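# Working through the structure, step by step
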Amino acid sequence: MSEWQSKDWQMEQKRVHSVVSEIDNKINRLKKNTGSVTSDVLELRKTFWEDVTVNLDEPDDMIETAASIKQQAELLSERERTHRQLDQQLKTLVRLRYSPYFGRIDFLEEGEKAVDTVYLGIASLMDQQDENFLIYDWRAPISSLYYDYPPGPAQYQTPAGVIQGEMKLKRQFIIRAAEIKGMFDTGVTIGDEMLQEVLGAGASTQMKSIVATIQREQNAIIRNEKSKYLIVQGVAGSGKTSAALQRVAFLLYRYRGTISSENIMLFSPNPLFNSYVATVLPELGEENMQQATFQEYLYQRIGKNFAVEDPFMQMEYLLKQEEDPDYWIRLEGIRFKASLQFKDIIDQYTRNLSADGLIFRDLTFRGETFISRRDIHQYFYSLDQSISIPNRIQLVKEWLLRELKSAMKRERTRSWVEEEIQFLDKEDYMEAFKQLQKKQRFSEATFDDFEREQRLLSEMVVKQRFKPLFSMVKNLKFIDMPQIYLQLFNGDYGANELPPKWPQISRLTAKQINDRVMPYEDAVPYAYLQDLIEGRKASTAIRHIFIDEAQDYSPFQFAFIHRLFPYSKMTLLGDYNQAIFSGVTEAETVINGFATAEEDLATFYLTKTYRSTKEIVEFTKALIPEGGKIEPFNRSGKKPVVTLTDRMRLHDSIIERINELQAEGYQTIAIICRTSEESKQAFKALRKEVQLHLIEKGTLTYEKGVNVIPSYLAKGIEFDAVILYDISQYKRERERKLFYTVCTRAMHELHLMAASGMNALMNNIPQETYRIEKKI
Ligand SMILES: Nc1ncnc2c1ncn2[C@@H]1O[C@H](COP(=O)(O)OP(=O)(O)OP(=O)(O)O)[C@@H](O)[C@H]1O
């Protein structure tokens, strides 16, 4: 280090210490405040009832009591909220104390004389007088200079307009425990040194924030405010998920006060992925957004009435059941049911249903039809056709409820009621007695108690018996949705072209729906049709939706999500080359068929990949047609190794490899199998020799060590080293994307085991991109 460099270093270190001492002051002050709020909260909780005036004597007193409780609860919740905020601030300060900032820019604004020195960290920090920024939040408008420009002319956008000027210096820091560990003055992009350090480290079981090394093209995604829809098509490992999470943090900052973490929702591919990304926002001092898998949503919608197949079960079927006589019919069905054409057919079908065709269920009571499906049908179609179907359904519902209420009155005097009263439990009598007493308190009437009790008991009996009918009507179960859905397959849709095997598809669908099984490909069309008939209020609470692994959503599924959240902005992140479901089924995916008005849409392409070493990228890019465009980050490692072995020696070869990798210090190693069945077999055989974890579709977190995982669950996550269990099994062209996806999970080392010969998908891969070892 030259003399001036070391001088600079000392000067910067001095500044770090001074900032840290300011942070300490703030921490101390905050702790005092937090302490007093904590004791306020504790005191309030303890004395909650003392400060509430409880008087239940008269109705007026009761109202007053309720108001008093409400007031006290509001006070408590306000103090609790303040407490949470102070706690959050404290956590952020503690994080800043450890590493106050990661970058500095010196910027001379046009027309100004003095250079602004801006230090960037995960949150802003003011000096003691609250006058100057010691640290700028990385999301502040001026901070974007750091991500977007090398030293030289530069500009940034503020709400008031564009600010132009010249960047005089761009410096990066690695600060740990208040000590500068590294410091680089950088040129064009966020320096290689820093990225080298981050990417060279081991994979973690939880995703990390990339705040210090966000690249310019990622920054554009993170800070986009204009477009309603953002589509990010990025190659494997290009930082799509990372950028998405940074974008969430940006939106929370930019729209603080109007948008909070409850207004942002991330759809992720599986529960494991949910927890994989769950630490990024807290690391940045923000609360996590809402997270769900699409499957969870579907399950919540139709899981009560059907065994809903999930995408993983569908994938297992597609990978294993080719010999099933219905395989190709189902495949054609999956393709068609993914398309917007099928959605059009459902729209057309629903329009027809407005005139005729809805199917209802009988309402039966004590084994007899009480209101027949025909009566309901007649009532529905007697209503004015200009009223929408959902509104007519509401009118039918109201009519049925009225009918039920008058029937209930009629039934009270029937002989069956008296009979059932005889068989009532002691508790029921007690309940009736209690109710009677309660009523008498407020009533002047002086009926014969016995008569009153009998009446109450008969009311109870009838009410109990009518309960299921009321709930059936309230939940609109008088509509026979499964049969309405199946009837759709028998219609004539004129100009809409149906697939050649439509009758067989229709038969297969009927078989499953009648068995109360909801195939994954039918779940969305079914729920969509149900919404059209029953009506569903659009959600207004969610303002931003993120869909990760968007290539796994069909155009129909996306249209469905869009209908549920019509007012949300959306960010879709995907990689067409990793469209494993659509790869196997050849169905369309939303990622390359997104249609919307141009002014609403911004499309981004990320071609640089950060996850894997250059050697692994050179190998994987040869696997896909347009792989030539993929640019690896300049980080070197070993070439991928293909081990030719046989079934006898497969497990020994894998164990040998695991031992080598562990000796090299790798902490997350994945054995990726093609299917879940293969994973289970591998796990059973290998666990005798080495400590392992098995990851299944319900697995919530994964641990360091060796994990056995089925291919489709490994998407989105990464490992230090990947061992592909048996690449000879990836035989079909349709599995190319799946094969590519699993290979791209490796950061540092990729090992491919072949138990019965090389696979055909590797035919065009240049020999020099990998090494072959023989273990036969
Ligand atoms: N700007 C960056 N700075 C540091 N690391 C980065 C950056 N961008 C991406 N990475 C790292 O690259 C790896 C891949 O990122 P990420 O998982 O976000 O990519 P992806 O595009 O979602 O990948 P895939 O589609 O393969 O699941 C992660 O380890 C991430 O931390």
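Quick notes on the rules
Residues numbered from 1 in each chain as written. Predicted model: local features only at pLDDT ≥ 70, side-chain atom pairs only at ≥ 80, totals over all residues. Heavy atoms only, no water. UniProt positions renumbered as here; feature names shortened; annotations may be inferred. Helix = DSSP H or I, 4+ residues; strand = E, 2+ residues; numbered from the N terminus. Buried < 20%, exposed > 50% of the residue type's maximum accessible area, 1.4 Å probe, protein only. Contact = heavy atoms within 4.5 Å. Polar contact = N/O pair within 3.5 Å; in protein donor to acceptor, adjacent residues only side chain to side chain. Pairing = 2+ DSSP bridges. Axes fitted to C-alpha atoms, helices over the stretch in contact; angles between N-to-C directions. Parallel < 35°, antiparallel > 145°, perpendicular 65-115°, else oblique. Nonpolar A, V, L, I, M, F, W, Y, C, P; charged D, E, K, R; others polar. Near = heavy atom within 4 Å. Areas by Shrake-Rupley, 256 points an atom, 1.4 Å probe, with all protein chains shown as cover. Phe/Tyr/Trp six-rings, centres within 6.5 Å; stacked < 30°, edge-to-face > 60°.

This part takes up the UniProt feature "binding site: ATP" (unreviewed entry) in the protein chain. Under the local residue numbering, the UniProt record ascribes the feature "binding site: ATP" (unreviewed entry) to Gly234, Val235, Ala236, Gly237, Ser238, Gly239, Lys240 and Thr241. Relative to the elements of secondary structure, Gly239 occurs in the loop between β8 (229–234) and α6 (240–254). We classify Gly239 as buried; its relative accessible area is 13%. Within the secondary structure, Lys240 sits in helix α6. By relative accessible area, Lys240 is classed as buried at 10%. For Lys240, the residues in contact, after removing those within four places along its chain, are Val232, Gly234, Val235, Leu573, Gly574, Asp575, Gln578 and Leu606. Within the structure, the side chain of Lys240 is placed 3.1 Å from the backbone oxygen of Val235, a separation counted as a polar contact.

A word on the sheet that holds strand β10 (residues 290–293). With parallel pairing, the six strands of this open sheet are ordered in space as β10-β9-β15-β16-β8-β17. Across the chains shown, the open sheet's two edge strands, defined by having one partner strand only, are β10 and β17 (601–606). Between one strand axis and the next, the sheet turns through 15 degrees on average, direction left out of account. Two elements, β8 and β17, share six bridges in a ladder whose sense is parallel. Each bridged residue has a counterpart across the sheet, and for Tyr229 the counterpart in β17 is Leu601. Contacting β8, β9 (264–268), β15 (544–547), β16 (569–574) and β17, α6 crosses the sheet at an angle of about 170 degrees to β15. Each of β8, β9, β15 and β16 touches helix α21 (residues 555–564); the most contacted strand, β16, lies at about 155 degrees to it.

What follows covers the packing of helix α11 (residues 327–337) against helix α19 (residues 502–514). The N-to-C vectors of α11 and α19 enclose an angle of 95 degrees; their axes lie 9 Å apart at closest approach. As judged from the angle between their axes, α11 and α19 are roughly perpendicular. Note on element contacts: α19 touches α11 through Trp502, Gln504, Ile505, Arg507, Leu508 and Thr509, opposite Ile329, Arg330, Glu332, Gly333, Phe336 and Lys337. Grouping the constituent residues of the contact of α11 with α19 by class yields five nonpolar, three polar and four charged.

Quick look at the site of the ligand now. Taken together, 23 residues lie near the ligand, and Thr213, Lys240, Ser242, Glu718 and Arg745 sit nearest. In the environment of the ligand, an oxygen atom lies 2.7 Å from a nitrogen or oxygen atom belonging to the side chain of Lys240. Here an oxygen atom of the ligand and a side-chain polar atom of Gln578 are 3.0 Å apart. The fraction of the free accessible surface of the ligand (630 Å²) that becomes covered by protein chains is 97%. Of all the secondary-structure elements, those providing two or more residues to the shell around the ligand are α4 (192–200) and α6.

With that settled, consider the packing of aromatic side chains. Scanning all chains against the criterion turns up 38 aromatic pairs. Relative to Phe633, the ring of Tyr610 has its centre 6.1 Å away and its plane inclined at 40 degrees; by these criteria the two rings are tilted. Here Tyr610 is found in the loop between β18 (608–609) and α23 (614–621), whereas its partner Phe633 is found in the loop between β19 (631–632) and β20 (641–644), with 23 residues between them in sequence. Using a relative accessible area of 1% as the deciding quantity, one classes Phe633 as buried. Each ring, one from Phe619 and one from Tyr770, has its centre 5.7 Å from the other, and the planes form 80 degrees; the classification is edge-to-face. Of this pair, Phe619 sits in helix α23 while Tyr770 sits in the loop between β25 (746–754) and β26 (771–774); the two residues are 151 residues apart in sequence, bridging distant segments of the chain. Taken as a pair, Phe619 and Tyr770 share a single burial class, namely buried. Taken together through their ring pairs, the aromatic side chains of Phe306, Phe336, Phe342, Tyr485, Phe489, Trp502, Tyr526, Tyr528 and Phe556 make up a single cluster.

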